[in-house]
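Notes for the structure review
Letter by letter, the chains look like this.
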Amino acid sequence: MDLLDTLTAKGLRGEVPTREEALAVLATTDDELLDVVAAAGKVRRRWFGRRVKLNYLVNLKSGLCPEDCSYCSQRLGSKAEILKYTWLKPDQAADAARAGVAGGAKRVCLVASGRGPTDRDIDRVTDTMAAIKEADPAVEICVCLGLLSDNQAERLKAAGADAYNHNLNTSENTYGAITKTHTYADRVDTVQKAHGAGLSACSGLIAGMGETDEDLVDVVFALRELGSDSVPVNFLIPFEGTPLAKEWNLTPQRCLRILAMVRFVNPDTEVRIAGGREVHLRTMQPLGLHIANSIFLGDYLTSEGQAGQADLDMIKDAGFEVEGAGEATLPRHRADIAEAAQAGGGCGTAASACGSGGGCGPCGGHSHAPAQADAGAPAAEEAEDELRSDLVKVRRRGAGTELAPNA
Ligand code: SF4
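Residues numbered from 1 in each chain as written. Predicted model: local features only at pLDDT ≥ 70, side-chain atom pairs only at ≥ 80, totals over all residues. Heavy atoms only, no water.

Scanning all chains against the criterion turns up two aromatic pairs. Between Tyr175 and Tyr184, the ring centres sit 6.2 Å apart and the planes meet at 65 degrees, which makes this aromatic pair edge-to-face. Across this residue pair, the class does not change: Tyr175 and Tyr184 are buried. Consider the rings of Phe296 and Tyr300, whose centres lie 6.2 Å apart with planes at 80 degrees: the pair is edge-to-face. Directly above the aromatic system of Trp47 lies the positively charged group of Arg46, at a separation of 4.0 Å from the ring centroid. (Phe/Tyr/Trp six-rings, centres within 6.5 Å; stacked < 30°, edge-to-face > 60°. Buried < 20%, exposed > 50% of the residue type's maximum accessible area, 1.4 Å probe, protein only. Lys NZ or Arg CZ within 6 Å of the ring centre and 35° of its normal.)

This part takes up helix H4 (residues 90-102). Over its 13 residues, H4 extends 18 Å from the first C-alpha to the last, a length consistent with the 18 Å expected when each residue adds 1.5 Å. Taken together, the buried residues of H4 touch strand E1 (51-61), strand E2 (107-112) and helix H5 (119-135). Backbone geometry just downstream of H4 places Gly104 in the positive-phi region, at approximately 120 degrees. (Helix = DSSP H or I, 4+ residues; strand = E, 2+ residues; numbered from the N terminus. Expected span 1.5 Å × (residues − 1). Contact = heavy atoms within 4.5 Å.)

It is worth spelling out the packing of helix H3 (residues 33-48) against helix H10 (residues 252-265) at this point. The interhelical angle for the contact between H3 and H10, taken along N-to-C directions, is 40 degrees, at an axis separation of 9 Å. One finds that H3 runs oblique with respect to H10. Read as a crossing pair, H3 and H10 show a hand that is left-handed. Across the interface between the two elements, Leu33, Val36, Val37, Ala39, Ala40, Val43, Arg44 and Phe48 from H3 touch Gln253, Leu256, Arg257, Ala260, Arg263 and Phe264 from H10. (Axes fitted to C-alpha atoms, helices over the stretch in contact; angles between N-to-C directions. Parallel < 35°, antiparallel > 145°, perpendicular 65-115°, else oblique. Left-handed = near helix turned anticlockwise from the far one by under 90°.)

Topologically, Thr170 is positioned in the loop between strand E4 (163-165) and helix H7 (172-178). In this structure, the C-alpha to C-alpha distance between Thr170 and Ala222, residues 52 residues apart in sequence, is 9.7 Å. Not counting residues up to four positions away in its chain, the partners in contact with Thr170 are Tyr175, Ile178, Tyr184, Met209, Glu211 and Val219. At 2.9 Å, the side chain of Thr170 forms a polar contact with the side chain of Thr174. (Polar contact = N/O pair within 3.5 Å; in protein donor to acceptor, adjacent residues only side chain to side chain.)

Attention now moves to the pairing of strand E8 (residues 270-273). The alternating pattern of E8 places Glu270 and Arg272 and Val271 and Ile273 on opposite faces, both of which are buried. As paired strands, strand E7 (residues 230-235) and E8 are joined by four bridges and run parallel to one another. Note on E8: the bridge partner recorded for Val231 is Val271. Crossover E7 to E8 through H10 is right-handed. Relative to strand E9 (residues 294-296), E8 runs parallel, the two sharing two bridges. (Pairing = 2+ DSSP bridges. Right-handed = clockwise from strand over helix to strand, strands pointing away.)

Attention now moves to the pairing of strand E3 (residues 140-144). Across the five residues that make up E3, a large majority, five, are buried. Of the two faces of E3, both are covered, the one formed by Glu140, Cys142 and Cys144 as well as the one formed by Ile141 and Val143. Bridging between E2 and E3 involves five bridges; their strand directions are parallel. Counterpart to Leu110 in the pairing with E3 is Val143. Of the crossover connections in this fold, the one passing from E2 over H5 to the parallel E3 is right-handed. Pairing geometry for E3 and E4, over two bridges, is parallel. Directly across from Val143, in E4, lies its bridge partner Tyr164. Taking the sense of rotation as the criterion, the β-α-β connection linking E3, helix H6 (residues 152-158) and E4 turns out right-handed.

A side chain with one charge can pair with a side chain of the opposite charge if their charged atoms come near. All told, the structure shown has 29 salt bridges when counted by the stated rule. As a salt-bridge pair, Asp95 and Arg98 come within 2.9 Å of each other at their nearest N and O atoms. Residue Asp95 and its partner Arg98 are located together in helix H4, separated by three residues, close to a single helical turn. Since its relative accessible area comes to 43%, Arg98 is described here as partly exposed. The shortest N-O distance in the salt bridge between Arg107 and Glu140 comes to 2.9 Å. (Salt bridge = Lys/Arg side-chain N within 4 Å of Asp/Glu carboxyl O.)

Predicted coordinates in areas of low pLDDT are best not read in detail. Residues at a pLDDT of 70 or more form 88% of the protein, whose mean pLDDT is 90. In this model, residues 363-381 is a region of pLDDT below 50 whose contacts with residues beyond four sequence positions or in other chains number 70 contacts. (pLDDT = per-residue confidence, 0-100.)

On to the packing of helix H2 (residues 19-26) against helix H9 (residues 213-226), then. Helix-helix packing is characterised by the crossing angle of the two axes and by the distance between the axes. Where H2 meets H9, the closest approach of the two axes is 10 Å, and the angle between their N-to-C directions is 130 degrees. Regarding the angle of H2 to H9, the classification is oblique. The way H2 lies across H9 gives a crossing that is right-handed. Counting all contacts with H2, which are made through Arg19, Ala22, Leu23 and Leu26, the residues of H9 involved are Asp213, Glu214, Leu216, Val217, Asp218 and Phe221. Looking at side-chain class alone, the contact of H2 with H9 contains six nonpolar, no polar and four charged residues. (Nonpolar A, V, L, I, M, F, W, Y, C, P; charged D, E, K, R; others polar.)

In this section: H9. In a regular helix each residue adds 1.5 Å, so 14 residues correspond to 20 Å; H9 covers 20 Å between its end C-alpha atoms and thus fits that length. In terms of residue burial, H9 counts as a mostly covered element, since eleven of its 14 residues are buried. Asp213, Asp215, Leu216, Val217, Val219, Val220, Phe221, Ala222, Leu223, Arg224 and Leu226 are the residues of H9 that are buried. Backbone geometry just downstream of H9 places Gly227 in the positive-phi region, at approximately 80 degrees.

Once that is clear, we can look at the environment of Gln92. Looking at where Gln92 falls in the secondary structure, it is placed in helix H4. Separated by 34 residues in sequence, Gln92 and Val58 have C-alpha atoms that sit 10.0 Å apart.

The structure is reproduced here in structure tokens:
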């Protein structure tokens, strides 16, 4: 298939495909699916070998958010019966983080609901990072606190944060349909602030909100242009009690095509299968590992993932290996870009890492408005039209509970 030969050749050289080529990946048929996965797998192995980076989420503050992100179970007015609690104490967060690191995680992601942190919140996270790094100085810490004000990124960097997550989530065109309380530009600004302070930028998307193929391609190219070092690909978890609870638009095949498109556009960037992995890829999860080089271990912010041991077994059974603390995630030339940006105090290249992405990490959730998407798009054609709320399990263990974390 000419398209896949072209994409593979470009990916092996670290080149970005054209927009039309990216759209063509999303339009491939089920008969072509294994060829698509194989082509993306060649690109993945070129830059990341068979390593899988494990990341572990710690929800520092859950629910009660004043923002209205329609995909999110923690949003204003959410009726989702999630855990709700205010800031964990540093030792509580460190205990949860320790469980994830013991389970094989290389990066701990500290997330808090809310529009953005106060300066007092930055102090709290500073204390939490100190407690985590005291126990394990090698652990990478990514912080996700929503929209940043001036100097907050610098404070986080000085306190030992390695990265900041803020997802763009969807295209600029459709952003206003999923969230009214902040804008796409706000998100871009925060990613740029984080990157400008020398933090590695983690910024990704949520698929399955009714967006068109063009929207997906738009946001993935925007992430590349912003230079996100890691791109989490969330598949909407339609939580009961959120506006998008009925939006079941994804099949495992569609998810694999989306992952492949993200990989081809970001050949040498960490691509992470994030929230919704178990819910939407289901038994096809191991094929996703041939495309993505990173996953979350265990549970998500407000929903449960599969058992941490099942994640480890899946990685081993599929012929992959967990990336060790001493191994670099990004290829050397990408690390050089990040270092140059840090030295320069800003986004070093046109493709430097400034994603943006709304508030918080893989909340799962649904937004209604983009359901206005092109009815002829493959997403609509492939829709299961079957509500599988039985697959969504609210998190009841780990941070904020008396029960042991899943790691
Ligand atoms: S994504 Fe973040 S900012 Fe948006 S509603 Fe959820 S917790 Fe709040």
